[in-house]
Amino acid sequence: MKIVVAPKEQMTHLHFLQDGFEEIAQKVKYFYPNEHPIIMADERVAHLYYKSIQGPFLDLGINPIWILHPSGEGSKSIQGYQRLLELLDRQDIHRRRPIIALGGGVTGDLVGFVAATMLRGMPLIQVPTTLLSMIDSSIGGKVAINTPLGKNRAGAFYPPEHVFFALEFLQTLEAADLHSGFGELLKHAILDGEEHFAWLRRNVLNCCSEKTVLEREDLLTLLQEEMIKKSLAVKQRIVEEDPFEKGRRALLNLGHTVGHAIEGVLGMGKGWSHGGCVALGLLAELSWSVEHLGLCSSEIDRIEQTMIRLGMNTQVPNISRAELLAFMNSDKKRTVNHLRFVGMADFGEAKVVELPIQKGSELLNHLERWIIRAP
Ligand SMILES: NC(=O)c1ccc[n+]([C@@H]2O[C@H](COP(=O)([O-])OP(=O)(O)OC[C@H]3O[C@@H](n4cnc5c(N)ncnc54)[C@H](O)[C@@H]3O)[C@@H](O)[C@H]2O)c1
Ligand SMILES: [Zn+2]
């Protein structure tokens, strides 16, 4: 599978691995002969998978260097970026030595930004290890770090040369990280249209039908390759049409205007996952769409019920509207006078909505239903 990400000659090659982790080493040797890659990995992932990944490289006479960063959103910071740059700078690096980003979306974004900027660009291979990174962040070429003012404010468009998908990684994910991935997976299905959403919902309802709420092991049973490929295809299609987010790609931000504000107020990385916040943002933005774009209100119930069955959180703690508004006002998608978010008249029919900044509160009214207010 290939996707075109402009400039035209820059392709990302997607590989679904069938023979386990050995294939990572084989493919790197094939695509980058005589190179010893630098594996920049999440500490937790390295702890779990170092032996299974390093062993096959050594067997092929390749000796990758490992550079680790602490797990969690905190690493996606200016300081985390500087530390990685300095560690990388001490290696014998050159413009064709590949960098492998091994980890979830945090690793992909952070290491991707390092690869984009070191020597004005070193070859990047993404090896996503979370559900969210498999269906979303590893493709599309957006890499970034957070600044004190908000998420992903310093970044670049820097597509990886290759992405290796190994679904085995999912087996060690915690439930919260699976839930986070399902947030973006729901988003893709809704953007794609009724057929995709209904298919996903049917799968969720039919899985372990004797249970009301799916547990971690059930989610792993539910997550077949087809579900991941279908979700990935939605992102791929939209990114191919608009690699630099001049138009349609902005639709992938569904749920993110309110979602990023929730993530910002609750504290990035403090137990609130990115995808979990996006799913809550999605409920609010679509609830606005019910009032203003004629989306059928039963769609909100269908999404919320699916989230509950997946074990996802549908309740936001008592957070201040003023703080949410401040985060929304620093959103990088906004224009001088308008907030921008994605609204929908129906599943599959999304459009970018511009709301005068002074009306931000109107959007937040639609989140109230899910906020637990102190009596
Ligand atoms: N660039 C993009 O287009 C894009 C799109 C969506 C999200 N993102 C970014 O992605 C980030 C969220 O990604 P994420 O949810 O993957 O977070 P993450 O990278 O922090 O991973 C979540 C947790 O899972 C652990 N982990 C990773 N792989 C594991 C495995 N196989 N087994 C056990 N534990 C594992 C990590 O150590 C971490 O604690 C956010 O920063 C978000 O902004 C970027
Ligand atoms: Zn996202």
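Here the structure is a predicted model, which means the values were calculated and not measured. (Residues numbered from 1 in each chain as written. Chains lettered and ligands numbered in written order. Predicted model: local features only at pLDDT ≥ 70, side-chain atom pairs only at ≥ 80, totals over all residues. Heavy atoms only, no water.)

Novice: Which residues make up the nonpolar core, and what values go with them?
Specialist: Considering soluble globular proteins, one finds that nonpolar side chains tend to be buried as a cluster. Membership of the largest hydrophobic core comes to 95 residues, with the highest contact counts inside it found for I53 and F182. The element contributing the most residues to this core is helix α11 (residues 274-293), with 8 residues. There are two domains that each give this core at least three residues, and those are domain 1 (2-171) and domain 2 (175-370). If sequence neighbours within four positions are ignored, F182 has contacts with L131, L219, L222, L223, M227, L310 and M312. Listed in part, the 21 residues of the second largest apolar core include Y81, I93, V114 and Y158. (Core = buried A, V, L, I, M, F, W, Y, C linked by side-chain atoms within 4.5 Å. Buried < 20%, exposed > 50% of the residue type's maximum accessible area, 1.4 Å probe, protein only. Helix = DSSP H or I, 4+ residues; strand = E, 2+ residues; numbered from the N terminus. Domains from an automatic or database assignment. Contact = heavy atoms within 4.5 Å.)

Novice: Before we move on, can you summarise the site of ligand 1 with the specific residues and values?
Specialist: Taken together, the neighbourhood of ligand 1 is formed by 28 residues, with G105, T129, T130, K151 and T172 sitting nearest. Contacts to ligand 1 include D42, whose side-chain N or O atom sits 2.9 Å from an oxygen atom. Within the contact set of ligand 1, a nitrogen atom lies 2.7 Å away from a side-chain nitrogen or oxygen of T129. Within the complex, the protein chains bury 92% of what would otherwise be the 870 Å² of accessible surface of ligand 1. Broken down by element, the shell around ligand 1 gets its largest block of residues, 4 residues, from helix α2 (residues 43-59). Its residues placed into classes, the shell around ligand 1 shows 7 nonpolar, 10 polar and 11 charged. If you count residues domain by domain, the shell around ligand 1 takes at least three from each of domain 1 (2-171) and domain 2 (175-370). (Near = heavy atom within 4 Å. Polar contact = N/O pair within 3.5 Å; in protein donor to acceptor, adjacent residues only side chain to side chain. Areas by Shrake-Rupley, 256 points an atom, 1.4 Å probe, with all protein chains shown as cover. Nonpolar A, V, L, I, M, F, W, Y, C, P; charged D, E, K, R; others polar.)

Novice: I'd like to hear about helix α3 (residues 78-89), residue by residue, with values.
Specialist: The end-to-end C-alpha distance of α3, which contains 12 residues, comes to 16 Å, matching closely the 16 Å that a straight helix rising 1.5 Å per residue would cover. Buried within α3 are the following residues: G80, Y81, L84 and L88. Across the axial projection of α3, the buried residues extend over an arc of 100°, all falling on one side. Exposed and oriented more than 90 degrees from the buried face of α3 are Q79 and D89. (Expected span 1.5 Å × (residues − 1). Arc of directions from axis to C-beta.)

Novice: Please set out the coordination of the zinc ion (ligand 2) residue by residue, giving values where relevant.
Specialist: Summarising the metal site, the zinc ion (ligand 2) is bound by the protein donors E184 (OE), H256 (NE2) and H274 (NE2), whose distances to it range over 1.9 to 2.1 Å. All donors of the zinc ion (ligand 2) belong to a single chain; written as a sequence motif, their spacing is E-x71-H-x17-H. Taken together, the residues E184 in helix α6 (residues 175-192) and H256 in helix α10 (residues 256-266) connect sequence positions 72 residues apart. Take E184 and H256: they sit in the same class, and that class is buried. (Donors = N, O, S within 2.8 Å, 3.2 Å for Na, K, Ca; no water.)

Novice: So what's going on with the packing of aromatic side chains? Residues and values would help.
Specialist: Inspection of every chain in the model, using the stated rule, returns 10 aromatic pairs. Note on F21 and Y49: the rings are 5.5 Å apart at their centroids and 70° apart in plane angle, and the pair reads as edge-to-face. Here F21 is found in the loop between β2 (11-16) and α1 (22-31), whereas its partner Y49 is found in helix α2, with 28 residues between them in sequence. The exposure classification of F21 matches that of Y49, with both residues buried. Through a chain of ring-to-ring contacts, the aromatic side chains of F21, Y49 and F169 assemble into a single cluster. For the cation-ring pair, K229 lies above F16, with the distance from its terminal atom to the ring centre recorded as 4.6 Å. One cation-aromatic arrangement involves K230 over W199; the distance from NZ or CZ to the ring centre is 4.7 Å. (Phe/Tyr/Trp six-rings, centres within 6.5 Å; stacked < 30°, edge-to-face > 60°. Lys NZ or Arg CZ within 6 Å of the ring centre and 35° of its normal.)

Novice: For the packing of α6 against α11, give the residues involved together with the corresponding values.
Specialist: The relative placement of two packed helices is expressed as an angle between their axes plus a distance between the axes. Relative orientation of the contacting elements α6 and α11 amounts to 35°, with a least axis distance of 5 Å. Once α6 is placed against α11, the crossing between them reads as left-handed. The segment α6 lies against α11, with S180, G183, E184, K187 and I190 engaging H274, G275, G276, V278, A279, L282 and L286. Its residues assigned to classes, the contact of α6 with α11 comprises 5 nonpolar, 5 polar and 2 charged. (Axes fitted to C-alpha atoms, helices over the stretch in contact; angles between N-to-C directions. Left-handed = near helix turned anticlockwise from the far one by under 90°.)

Novice: Now, about the domain arrangement of the protein: what can you tell me, with residues and values included?
Specialist: Assigned domains within the protein: domain 1 (2-171) and domain 2 (175-370). Centre-to-centre, using C-alpha coordinates, domain 1 lies 26 Å away from domain 2. Listed per partner, the contact involves 30 residues of domain 1 and 35 residues of domain 2. Between domain 1 and domain 2, roughly 2,800 Å² of surface is buried when both sides are summed, and carbon and sulfur atoms account for 67% of that area. Applying the counting rule to domain 1 against domain 2 returns 4 salt bridges. With a shortest N-O distance of 3.8 Å, D136 and K187 are connected by a salt bridge. Taken together, the links from domain 1 to domain 2 amount to 7 residue pairs in polar contact (both at pLDDT 80 or more). When residues of the side of domain 1 that touches domain 2 are traced back to their parent elements, those giving at least two are β1 (2-4), β2, α5 (131-137), β7 (142-147) and β8 (150-157). The element contributing the most residues to the side of domain 1 that touches domain 2 is α5, with 6 residues. Residues that form the side of domain 1 that touches domain 2 fall into these classes: 17 nonpolar, 7 polar and 6 charged. (Buried area = accessible area lost by both parts, 1.4 Å probe. Salt bridge = Lys/Arg side-chain N within 4 Å of Asp/Glu carboxyl O.)

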